[in-house]
Amino acid sequence: MNSLWPVVALGEVAKLFRRSEEVLPSKTYRQIGVKWWGKGIYERDPIDGFETRYKQLYRLKKDDIVINKIWTRHGSVAVVSDEFDGLYGSSEFPTFVPNCDKLYPRWFHWITQARWFWQFCAEKSHGTSGKNRIRPERFLEIEIPLPPLAEQRRIVARIETLAAKVEAARDFREQAMGEAEGLIYAQARKILAGVTAKVTKLQDWLNLDRAGIQTGPFGAQLSSKEFTSSGVPVLTIGNVQFDGLK
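Regarding the sheet that holds strand β10 (residues 77–79)
Across the sheet, which stays open at both edges, the four strands sit in the order β2-β12-β9-β10 with antiparallel pairing between neighbours. Edge positions in the open sheet fall to β2 (14–16) and β10, since each of these has one partner strand only. In this sheet, neighbouring strand axes are inclined to one another by 25° on average, regardless of whether the strands run parallel or antiparallel. Pairing of strand β9 (residues 65–67) with strand β12 (residues 95–98) involves two bridges; the strand directions are antiparallel. What sits directly across from Ile65, in β12, is Phe96.

Details of the nonpolar core
The biggest cluster of nonpolar side chains holds 26 residues, and the ones touching the most others in it are Ile65, Phe108, Phe117 and Phe139. Mapped by element, the contributors of at least two residues to this core are β9, β10, α1 (105–111), α2 (115–125) and α5 (149–193). Beyond its immediate stretch of four places on either side in the chain, Ile65 contacts Ala14, Val77, Ala78, Val79, Pro94, Thr95, Phe96, Pro98, Leu103, Phe108 and Phe139. Counting residues in each nonpolar core, the second largest holds 10 residues, with Ile32, Val34, Ala78 and Phe93 among its members.

What about α2?
All buried positions along α2 are accounted for by Phe117, Trp118, Cys121 and Ser125. For α2, the arc enclosing every buried residue in end-on projection is 100°, short of the 170-degree limit, so these residues lie on one face. Of the residues in α2, the exposed ones pointing more than 90 degrees away from the buried face are Arg115, Gln119 and Glu123.

Concerning the layout of surface pockets
There is about 270 Å³ of room inside the largest pocket. Among the secondary structure elements, those contributing two or more residues to the lining of the largest pocket are β10 and α1.

Re the pattern of salt bridges
Following the criterion strictly, the structure yields 11 salt bridges and no others. Among the ionic pairs, Glu141 bridges to Arg138, the shortest N-O distance being 2.9 Å. The exposure class of Glu141 is partly exposed, given its relative accessible area of 35%. With relative accessibility at 22%, the residue Arg138 sits in the partly exposed group. Within the structure, one salt-bridge network assembled from shared partners comprises Glu21, Lys27 and Arg59.

Here's the deal with the environment of Arg53
Turning to its location among the elements, Arg53 is positioned in the loop between β7 (47–48) and β8 (56–59). Counting along the chain gives 30 residues from Arg53 to Val23, while the straight-line C-alpha distance between them is 9.3 Å.

Structural notes on the sheet that holds β8
Spatially, three strands are ordered β3-β8-β11 in an open sheet, and the strand pairing comes out antiparallel. The sheet is open, and its two borders are formed by β3 (20–22) and β11 (88–89), each paired with just one other strand. As defined by bridge partners, β3 adjoins β8 across three bridges and the pair is classed as antiparallel. Counted as the bridge partner of Glu22 is Gln56 from β8.

Focus: empty space enclosed by the protein
Considering all chains together, one arrives at one cavity of 30 Å³ or more under this definition. Estimated volume of the largest cavity: approximately 30 Å³. Residues belonging to the lining of the largest cavity are distributed by class as follows: four nonpolar, three polar and one charged.

What about the pairing of β8?
Taken together, the two bridges between β8 and β11 define a ladder with antiparallel strand orientation. Counted as the bridge partner of Arg59 is Tyr88 from β11.

Rules and cut-offs
Residues numbered from 1 in each chain as written. Predicted model: local features only at pLDDT ≥ 70, side-chain atom pairs only at ≥ 80, totals over all residues. Heavy atoms only, no water. Pairing = 2+ DSSP bridges. Helix = DSSP H or I, 4+ residues; strand = E, 2+ residues; numbered from the N terminus. Axes fitted to C-alpha atoms, helices over the stretch in contact; angles between N-to-C directions. Core = buried A, V, L, I, M, F, W, Y, C linked by side-chain atoms within 4.5 Å. Buried < 20%, exposed > 50% of the residue type's maximum accessible area, 1.4 Å probe, protein only. Contact = heavy atoms within 4.5 Å. Arc of directions from axis to C-beta. 1 Å grid on protein atoms, 1.4 Å probe; cavity = no way out; pocket = protein on both sides within 12 Å on 5 of 7 lines; lining within 4 Å. Points joined across faces, edges and corners; volume = space filled by probe spheres on them. Salt bridge = Lys/Arg side-chain N within 4 Å of Asp/Glu carboxyl O. Nonpolar A, V, L, I, M, F, W, Y, C, P; charged D, E, K, R; others polar.

Written out as structure tokens, the structure reads:
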């Protein structure tokens, strides 16, 4: 990572903070998961308090940084958006509160999608106990570039403008592909409408009698000199030609 801006450890701009709540048997809890490679949070199936073995769950708040301890090495790090405010995670999902006077949460959101950040996550996870679960204090050792807050906001605005254009271009491409496929299909129908071909029943090519019993060579062997009188009739792609079955 090369940066013209100051580089600071996450622990200088965020701190571990857990909003623990005792699990109540009568309450239903909406749970979160964290996708790999900075792809954000997703909502898991809700769970009733009497169904979980956890004695405590931890409530998330907008702008929290949340990680999956097991998969942090695969970039399982996210910033909580409005959509997931108030949902819950287990002890496997530590949360960190950013100092918003220094760290713009959307700036960190885009950092979570950078390869160099994933590499740092993997390094900090390596060698820890419990299947490479990262310890929260090790996560806070990861260093990130930290321009002035106003610069963070300016860069994020630029990134998100470009991201919106990319998404619009992707949607346009998918629409164009759909229209092209429709045009090709329409033209193919016009061409085939002028083609005359003898229509035969498939059973005539497979040598089936009216009862569906095999009476001759089998379809997969129609283009072969070797025939058998038993087995299951099969047509291969080689038997299907433009003007009929061969």
